Every structure is written in C-alpha cells, then in structure tokens.
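Close look at the chain arrangement
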Amino acid sequence: MKKCLVMFLCVLVSLGMLFANGTQESETQKKTKIRFAVKSVGKDYELMKEASETYESLHPDIDIELVETPESSTDRLGLYLQYFEAKSSELDAVLIDVVWPGELSEHLIDLNEYGAASYTSQHFPTMVQNNIVHGKLVAMPLYTDAGVLYYRTDLLKKYGFSEPPKTWSELEHISQVVQAGERAAGNEDFWGYVWQGNAYEGLSCNALEWVYSNGGGTIMDKDGTVTINNPKAAAGLDMAANWVGTISPSGVTGFVEEDARSAFQAGNAMFMRNWPYCYSLGQSDSSAIKGKFDLTLLPTNVEGKNACTLGGWQLAVSKYSKHPQEAVDFIFYLSGKEEQKRRAIKGSYEPTIQSLYSDADIINANPFFTKLYDVFLNAVPRPSTASAPNYAQVSKIFYSYTHNVLEKQMSGADAVTAMSMDMAEYSNK
Ligand code: GLC
C-alpha cells in the first residue's frame, strides 16, 4: 500500500513537472528571441546580463540570449565573420569594435531606416560619424575607450617619486627602481610594467602608442598613404622590445587585457597600460590595490605627442536577423542615456553621450573622466577609415611584425620596412 502511494506521488510530481515545463515552453515560444553577441572582458558580461534582464521585464514579449565571444577582439571578429559569411540568422545584435564598421558594413542593417536620427544627436558627432559607411549608419555607439597608464600611488611615494612618469625613459627608470625594491622586499612576482603584447588587435593599439609618442606617425595617414617605414617608428618598437624580460615579464608577449589586469590588480606591477574599464574593478573590495592606484596619460618621447589609442564599442544589427525591428529597439535602449550612465558608474565605461560628462554621479565614481576629458576626445585613431575595408589585414601586418620585434626575431628597422611592403597593396598611393 505504502509502495503504491509512493508511486502515485512520483507520477503526480512527474506530471506536475511536465506541465510546468510545458507552460514555460509555451511562454518562451510566444516570445521573440534576440541573440546578442557580447564581450566577456571585465564586467562586460555582468552588465549586459543585468541590462537584458531589465529590458525583458519592460518587454515581456522579448527574450534576450547573450552569446559569449572570445576574449581577444581579433578572434571575436573571426567568429562574427563566420556567422556573417554563412548569412546566419543565429546572431541578431552584435557588439562591434570602433575599427570594424568599414569591414562589417555589408553585413549590417542601416539604422537610419529604423529611426536612429532621433537617438544619434545626443552622442559625440565624431563617434556617430565613425559608424557611417557610404551613408549607412551601421552601428550606435555604446562606449568610447582610450589607452591609459595605471600607476601605484603608494609605491610611487614609497620610492620617493613625486609624480608619474612623463617620458618613456622615466617610466623605465621608476620601473627598475620599484621592481628591484619590491623583489628585495620579498615579492618575487613583481614587475615594473605590464601591457598587451600578444599578437592581436590589442598589440596594434599598444604599438601605435609607442610609435606615435616617438614621433613615428600613425601607420597610415588620413588619405591612406603608408607612413610606418621611418626610423622613429622603428625606434618606438625597439624601445618596447627592450622592456620584455627586463621591466616586463617575458610572458607579456602572450598578454591580452585581462592578463595585464590580473597582474596589476593582484599588486604585482608598478605600471599597467590598459583601458578605463580596469578602474572600477581595481577599486572593488576584493582588489589588492583598492585606493592605491590612479591613472594618467601614457608617457611620450615627444612633447605633446602623448598617444592614447582610440578604442570603443558599438551596437549593430545583423542583416541576416529574422527580427531586425526588435533587435534595433533593444540596441537603442542599450546605447541610451540610462544604460550608459549605469555602465559608467558600475564599470567605468566612458559614455558616448556628451551630457553624461557633467553628471555628478558619474564623475564621482570616475574622477579621471574630468581630468582626462580632452585627452579622451583627442585619442589617436587607428587607420581603420583610411584602410577600409581592409583594416583587419593592415592591423594584422602591424601586430605580427611588431610581435616579431618583441620576440627579438627582428629589428624595429627591418620590421617597419617589411610592414610597409606588405601594406603597400592596401595603400591609396
Ligand atoms: C578595447 C578597445 C578596442 C580595441 C581592443 C583591443 O576593447 O575598446 O577598440 O580594439 O581593446 O584589444
């Protein structure tokens, strides 16, 4: 009898589960699913998850599915191209790098046809302009980015330096002193300077900063002429190669953003080159360097030529999406004021909406937004417009030879000669 009762209860529970699942399924079936390819660097994923949950609660007929993508932006581009070339409807909305509109425009819808004009006017005009390809608005700005120098304020003081370095040789000197001191004090893992040296887009950003701040130009000029083959550019690359294994770990040639951040945030580096997103993470309660660091301009060898590479991410909708209208509504929401404010406060992502730079809550969370405002607005762009739609190839040539220099397989001079020859087919002249 007891056995029968147990069996009866089991059947009831199973039936109940079946019904519950059935209801859930029919509920999701009624919803339109938007698959959105996001980044998982730093707080990116977490913030996108929160935003999509809020959006779903405001739009119960929409189900947002976040698709995680590789950490390296070069690999992320490769993944998108696989979907796009197969004309796959699997991705509806995508997060795209500031250097990709030219390359990806043929796969993206024109947001102007979906009423973007009423949203674009609040953004910095240059950031909107960057996303217009042959008259088509292919993406909405989500956040802008600029390479910056993070430094340990406590260690600067401890070793008697009054301010962060203004030139690269000052950075080298401070790195050597602090590294020797901290190692002698017992931290064997301590390094002077960490940055991104892996062979990928992030290295193009770092190397552009070394070249530009050494007076060596911007790889290509605005009209598409290749300018990289010059002694100052070569010297900029050699300068960085000398850091590898001395003030930077040998493994830096395999570092992407998060590797550098882990070392710095664990308290194992004096300086770090990275993007502003590391600020709020570094100030979090679990961080070993909370309250012990600040950020400033990257050093330069030429007065006034402090380079910070322009970065940033945009929101776009795939031409192959089966739900373009729903996907567009979602990205308009994400790129709007409320979301940008939340992202700036929680994740130190720099807004693309001009008025948010006078928002007290945002400035309070990120005092450096005000300090570096002009710098951010004048950040050095990669030659993505001049080389469109071939920027990815130009960048690959640039970072691959640069990587050879860092690995001491080539001199800076040989590398810039080779780069310029390989880039010739993408040159306008
Ligand atoms: C950051 C920048 C992006 C750049 C990438 C390189 O995400 O915002 O523009 O291409 O870093 O790793």
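Remember, predicted model here, so these are calculated numbers, not experimental data.

The rules we used
Residues numbered from 1 in each chain as written. Predicted model: local features only at pLDDT ≥ 70, side-chain atom pairs only at ≥ 80, totals over all residues. Heavy atoms only, no water. pLDDT = per-residue confidence, 0-100. Contact = heavy atoms within 4.5 Å. Axes fitted to C-alpha atoms, helices over the stretch in contact; angles between N-to-C directions. Helix = DSSP H or I, 4+ residues; strand = E, 2+ residues; numbered from the N terminus. Parallel < 35°, antiparallel > 145°, perpendicular 65-115°, else oblique. Left-handed = near helix turned anticlockwise from the far one by under 90°. Pairing = 2+ DSSP bridges. Near = heavy atom within 4 Å. Polar contact = N/O pair within 3.5 Å; in protein donor to acceptor, adjacent residues only side chain to side chain. Areas by Shrake-Rupley, 256 points an atom, 1.4 Å probe, with all protein chains shown as cover. Domains from an automatic or database assignment. Salt bridge = Lys/Arg side-chain N within 4 Å of Asp/Glu carboxyl O. Buried < 20%, exposed > 50% of the residue type's maximum accessible area, 1.4 Å probe, protein only. Core = buried A, V, L, I, M, F, W, Y, C linked by side-chain atoms within 4.5 Å. Disulfide = S-S within 2.5 Å.

Our next topic: the confidence of the model for the chain. For any part of a model where pLDDT is low, the fine detail of the predicted coordinates should not be relied upon. For the chain, the average pLDDT comes to 93, and 93% of its residues sit at 70 or higher. In the predicted structure, residues 1–25 sits below a pLDDT of 50 and forms zero contacts with residues beyond four places in sequence or in another chain.

Before going further, it helps to examine the packing of helix α10 (residues 231–243) against helix α18 (residues 391–406). Between α10 and α18, the shortest axis-to-axis distance is 8 Å and the interhelical angle comes to 50°. Looking at the two axes, α10 sits oblique to α18. As α10 packs across α18, the resulting crossing turns out to be right-handed. Where α10 abuts α18, its residues L237, D238, A240 and A241 lie against T402, V405 and L406.

A word on the sheet that holds strand β8 (residues 191–194). The mixed open sheet is built from four strands, whose spatial order is β8-β9-β7-β10. The sheet terminates laterally at β8 and β10 (293–296), the two strands that pair on one side only. Strand-to-strand twist across the sheet, computed as the mean angle between neighbouring axes with direction ignored, equals 15°. Contacting β7 (148–152), β8 and β9 (269–274), helix α8 (residues 168–184) crosses the sheet at an angle of about 135° to β8.

Here the focus is the site of the ligand. Close contacts around the ligand come from 14 residues, with D97, D145, E257, W313 and R382 the closest. D97 is positioned such that a nitrogen or oxygen atom in its side chain is 2.4 Å from an oxygen atom of the ligand. In isolation the ligand exposes 310 Å². Once the protein is present, 96% of that is buried. At the level of secondary structure, the elements contributing two or more residues to the shell around the ligand comprise α9 (201–212) and β11 (310–317). Residue contributions to the shell around the ligand peak at three residues, all from β11. Mapped onto the domain boundaries, the shell around the ligand takes at least three residues apiece from domain 1 (30–145 + 311–376) and domain 2 (148–309 + 381–426).

Proximity of charged atoms lets side chains of opposite charge pair with each other. Going through the model one piece at a time under the given rule, you end up with 21 salt bridges. Taking the shortest distance from any N to any O, the salt bridge between E65 and K33 comes out at 3.0 Å. In this pair, E65 sits in strand β2 (residues 62–68) while K33 sits in strand β1 (residues 32–38), placing the two residues 32 residues apart along the sequence. The exposure class assigned to E65 is partly exposed, which follows from its relative accessible area of 26%. K33 gets classed as partly exposed once you look at its relative accessible area, which sits at 39%. Among the salt bridges present, the one from D97 reaches R382, with a minimum N-O distance of 3.9 Å. Residue D97 is located in strand β3 (residues 93–97), and its partner R382 is located in the loop between α17 (373–377) and α18; the two are separated by 285 residues in the primary sequence. Each member of the pair D97 and R382 is classed as buried. Look at the salt bridges and you will find they share partners, linking K33, R35, D63, E65 and E90 into a network.

Within soluble globular proteins, side chains that are nonpolar generally end up buried alongside one another. Counting residues in each nonpolar core, the largest one holds 135 residues, and the members touching the most others are F36, Y80, Y193, W210, I228 and M419. Top contributing element to this core by residue count: α18, with eight residues. The two domains that each donate at least three residues to this core are domain 1 (30–145 + 311–376) and domain 2 (148–309 + 381–426). With sequence-adjacent residues up to four places away left out, M419 is seen in contact with I228, L237, I397, F398, Y401 and T402.

Turning our attention to the pairing of β7. The buried count for β7 comes to five of five residues, which makes it a mostly enclosed element. The two faces of β7 match: V148, Y150 and R152 on one face and L149 and Y151 on the other face are all buried. Where β7 lies against β9, four bridges are found, and the strand directions are antiparallel. Pairing of Y151 across the sheet is with F271, part of β9. Relative to β10, β7 is paired through four bridges, and the arrangement is antiparallel. Paired with R152 across the two strands is F293, which belongs to β10.

A separate point is the packing of α18 against helix α19 (residues 412–423). Running from N to C, α18 and α19 cross one another at 160°; their axes reach a closest spacing of 9 Å. Relative to α19, the element α18 lies roughly antiparallel. For α18 against α19, the interelement crossing comes out right-handed. Where α18 approaches α19, its residues V394, I397, F398, Y401, T402 and V405 are matched on the opposing element by G412, A415, A418, M419, D422 and M423.

Our next topic: the state of the cysteines. Per the counting criterion, the structure on display carries zero disulfides. The thiol sulfur of C205 is not disulfide-bonded, and the nearest other cysteine sulfur, from C308, lies at 11 Å. Given the relative accessible area of 3%, C205 is considered buried. For C308, a relative accessible area of 3% translates into the label buried.

Inspection of the secondary structure puts F161 in the loop between α7 (153–158) and α8. Expressed as a C-alpha distance, the spacing of F161 and V380, which sit 219 residues apart in the sequence, is 29 Å. Setting aside residues no more than four positions away along its own chain, F161 makes contact with L156, H173, I174, V177 and V178.

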